[in-house]
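This is what each chain is made of:
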Amino acid sequence: MVTRSATRFAALVGLCTGTLLLGACSDNEGTAVPAPVAPVAVSSQPESPQQRNLRIRDQLDELGCDTNSCIQTYFACEDGLLSGEACDYYRAHPLK
């Protein structure tokens, strides 16, 4: 009889302990839990032609090529519409 009472008492204590632990966990209701910060992919989407052209134009500007004719010459050389000495500089300094 004592063993049965001890077993019931242990089960009751275990149940109460579990309830208290669960209750302690639920005290955080309504508070924000910080989510882990995922690293941002730099180039997850392919670059659009407009974005690429703007990026190249900015790079040309950094190299000192800031006139319209200079920029058009670069794109003409890149597209194969222009060749020769005018494209030597751009072949020596590729922008990709």
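Residues numbered from 1 in each chain as written. Predicted model: local features only at pLDDT ≥ 70, side-chain atom pairs only at ≥ 80, totals over all residues. Heavy atoms only, no water.

Caption draft 1: Expanded view of the pattern of salt bridges. According to the stated counting rule, one finds three salt bridges in the structure shown. A salt bridge links E78 to R52; its shortest N-O distance comes to 2.7 Å. On the criterion of sequence distance, the pair formed by E78 in helix 3 (residues 68–79) and R52 in helix 2 (residues 49–62) is long-range, its members being 26 residues apart. For R52, a relative accessible area of 28% gives the class partly exposed. The partner of R91 in a salt bridge is D88, with the nearest N and O atoms 2.9 Å apart. Pair noted here: R91 and D88 are both in helix 4 (residues 88–92), with a separation of three residues, about one helical turn. (Salt bridge = Lys/Arg side-chain N within 4 Å of Asp/Glu carboxyl O. Helix = DSSP H or I, 4+ residues; strand = E, 2+ residues; numbered from the N terminus. Buried < 20%, exposed > 50% of the residue type's maximum accessible area, 1.4 Å probe, protein only.)

Caption draft 2: Main features of the packing of aromatic side chains. Taken as a whole, this structure holds three aromatic pairs when the rule is applied. For the pair Y89 and Y90, a centre-to-centre distance of 5.6 Å together with 80° between the ring planes defines the contact as edge-to-face. Counting every residue linked through ring pairs, the aromatic cluster contains Y74, F75, Y89 and Y90. (Phe/Tyr/Trp six-rings, centres within 6.5 Å; stacked < 30°, edge-to-face > 60°.)

Caption draft 3: Geometry of the nonpolar core. Core analysis: the biggest nonpolar cluster contains 11 residues, these being I56, L60, C65, C70, I71, Y74, F75, C77, C87, Y90 and L95. Contributing elements (two or more residues each) for this core: helix 2 and helix 3. Not counting the four nearest positions on each side in its chain, I56 is found in contact with Y74, F75, E78 and L95. (Core = buried A, V, L, I, M, F, W, Y, C linked by side-chain atoms within 4.5 Å. Contact = heavy atoms within 4.5 Å.)

Caption draft 4: Local environment of the confidence of the model for the chain. Here the chain averages 73 in pLDDT, and 55% of its residues register 70 or above. Model confidence for the chain, summarised as mean pLDDT per element, is weakest for helix 1 (residues 2–25) at 54 and strongest for helix 2 at 91. (pLDDT = per-residue confidence, 0-100.)

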